[in-house]
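# Reading the structure
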Amino acid sequence: ERLSAAYCNRVVTVHHPVKDGILLKHGLSPDSIEVIANFADEKIFPLRRSFSIDGKIRFVFHGTILERSGLRMLMTALAQLRHKDRVCVKLIGEGDFSQALKEMIQSLELAHIVEFDNRSYPAHLIAERIEDCNVGLVPLEISSVTNHALPLKLFEYISLGLPVVTVRNAAISYYFSEQDCIYFESNDPYSLSTALDRIAENPEILIRYRDRSVALRGRFSWTGEKKKNVALLRQLAG
């Protein structure tokens, strides 16, 4: 890493926790590092003009279906729910954990509340596929590998104006406060099921988190990062 950086005019990384928590500790010069964050494109994920809960609360997870995405933990949490009659969950995507996920849905008898759309869609179709959903899920498993992960789906839900249920790691905690998202404790299915039951019992709390997403979305748009990227390329090209 240091050798590659020594040959470069500039190092580009995805967010400040990687710069501060990894690259600087590895000895890279702070002046050589440019952060171009992987935020959501607000043109592809436009703000929903209205938000309401009609009947069951519909949670959603979309993206690559991997165990480290927290999907095993999510299934375990759903099996522990006290209010299964008040929620449903839509999962969208493909990945190495797909078959194991299908088996868990069946073995834990969750087919009546979990809809698994096991295919990938182009980014510009995702907003349409989840337009009936109320709350975004980011149940990332936390390890040394994922502690600096900043899932793009989190920003896509924020861009749509959806409340988000998520776990804390170094990257998520850097950008989002305790008031911005509904948090649960890492790698703890019971903590996640407790958070989901609390939402089922008090769906009105989602309005507050919807308002936070609306307030935050401008700060985390791709438009600003795109301008930074173009400016950097122009500078490097002379």
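In this text the structure is predicted, and so the values were computed from the model without any measurement.

A few words on the overall build of the chain. Helix and strand counts for the chain come out as 10 helices and 8 strands. For the chain, whose C-alpha radius of gyration is 19 Å, the value lies close to the compact-globule estimate of 18 Å for 238 residues. Over its C-alpha atoms, taken along the principal directions, the chain stretches across nearly 60 × 35 × 30 Å. Here the chain, with 238 residues, has 47% of them falling under the buried criterion. For the chain, the share of sequence-separated contacts (at least 6 apart) that also reach a separation of at least 24 residues comes to 73%. Carbon and sulfur atoms form 49% of the exposed surface of the chain, whose accessible area is close to 11,900 Å². Here the chain contributes 30 positively and 29 negatively charged side chains, and the mean placements of these two sets differ by 5 Å.

Here 4 bridges tie strand 4 (residues 87–92) to strand 5 (residues 114–117), and the two strands are oriented parallel to one another. Looking at the pairing, Lys-90 lines up with Glu-115 of strand 5. Taken together, strand 4, helix 4 (residues 98–107) and strand 5 constitute a β-α-β crossover, and its handedness is right-handed.

If you walk across this open sheet you meet the 6 strands as 5-4-3-6-7-8, and the pairing is parallel. With one partner strand each, in any of the chains shown, strand 5 and strand 8 (182–184) form the two edges of the open sheet. Between one strand and the next, the sheet's axes are offset by a mean angle of 25°, whatever the strand orientation. Strand direction decides the pairing type here: strand 3 (residues 57–62) and strand 6 (residues 135–138), joined by 2 bridges, are parallel. Residue pairing for strand 6: Val-60 is matched across the bridge by Gly-136. Sitting on the sheet, helix 3 (residues 71–79) is in contact with strand 3, strand 4, strand 5, strand 6 and strand 8, with an inclination near 160° to strand 4.

Following the criterion strictly, the structure yields 9 aromatic pairs and no others. Between Phe-155 and Tyr-175, the ring centres sit 6.5 Å apart and the planes meet at 80°, which makes this aromatic pair edge-to-face. With Phe-155 in helix 6 (residues 152–160) and Tyr-175 in helix 7 (residues 170–175), this pair connects stretches of sequence that are 20 residues apart. Tyr-175 carries the same exposure label as Phe-155, and that label is buried. Geometrically, the ring pair formed by Tyr-175 and Phe-220 is edge-to-face, given 5.9 Å between the ring centres and 80° between the ring planes. Residue Tyr-175 is found in helix 7, and its partner Phe-220 is found in the loop between helix 9 (205–216) and helix 10 (222–236); the two are separated by 45 residues along the sequence. Take Tyr-175 and Phe-220: they sit in the same class, and that class is buried.

What follows concerns unusual backbone geometry. A positive phi angle, close to 55°, is found at Glu-109, a residue other than glycine. Overall, the relative accessible area of 63% leaves Glu-109 in the exposed class. We note that Asn-187 has phi near 55°; this positive angle belongs to a residue other than glycine.

Here the focus is helix 8 (residues 189–201). With 13 residues, helix 8 extends 18 Å from end C-alpha to end C-alpha; this agrees with the ideal 18 Å at 1.5 Å per step. Turning to helix 8, its buried residues are Ser-191, Leu-192, Ser-193, Ala-195, Leu-196, Asp-197, Ile-199 and Ala-200. Between a side-chain oxygen at the N-terminus of helix 8 and the backbone nitrogen of Tyr-190 the separation is 3.1 Å; the capping residue is Asp-188.

Another aspect to go through is helix 9. The α-helix advances 3.6 residues per turn, and as a result positions three or four apart in sequence lie on the same side. Spanning 12 residues, helix 9 covers 17 Å between terminal C-alpha atoms, matching the ideal 16 Å at 1.5 Å per step. Of the residues making up helix 9, those classed as buried are Ile-205, Leu-206, Tyr-209, Arg-210, Ser-213 and Leu-216. Mapping the buried residues of helix 9 onto a view down its axis gives an arc of 140°, with all of them on the same face. Considering only its buried residues, helix 9 is in contact with strand 3, strand 6, helix 6, strand 8 and helix 8.

Our next topic: the side chain of His-62. Relative to the helices and strands, His-62 resides in strand 3. Judged by relative accessible area, which is 6%, His-62 ranks as buried. Engagement of the side chain of His-62 in a polar contact is seen with the side chain of Tyr-157, the distance being 3.0 Å. Not counting chain neighbours up to four residues away, the residues in contact with His-62 comprise Ile-92, Ile-126, Lys-153, Glu-156 and Tyr-157.

Cut-off values and rules
- Residues numbered from 1 in each chain as written.
- Predicted model: local features only at pLDDT ≥ 70, side-chain atom pairs only at ≥ 80, totals over all residues.
- Heavy atoms only, no water.
- Helix = DSSP H or I, 4+ residues; strand = E, 2+ residues; numbered from the N terminus.
- Rg over C-alpha atoms; globule rule 2.2 N^0.38 Å.
- Buried < 20%, exposed > 50% of the residue type's maximum accessible area, 1.4 Å probe, protein only.
- Contact = heavy atoms within 4.5 Å.
- Areas by Shrake-Rupley, 256 points an atom, 1.4 Å probe, with all protein chains shown as cover.
- Lys, Arg positive; Asp, Glu negative; His and termini not counted.
- Charge placed at Lys NZ, Arg CZ, Asp CG, Glu CD.
- Pairing = 2+ DSSP bridges.
- Right-handed = clockwise from strand over helix to strand, strands pointing away.
- Axes fitted to C-alpha atoms, helices over the stretch in contact; angles between N-to-C directions.
- Phe/Tyr/Trp six-rings, centres within 6.5 Å; stacked < 30°, edge-to-face > 60°.
- Expected span 1.5 Å × (residues − 1).
- Polar contact = N/O pair within 3.5 Å; in protein donor to acceptor, adjacent residues only side chain to side chain.
- Arc of directions from axis to C-beta.

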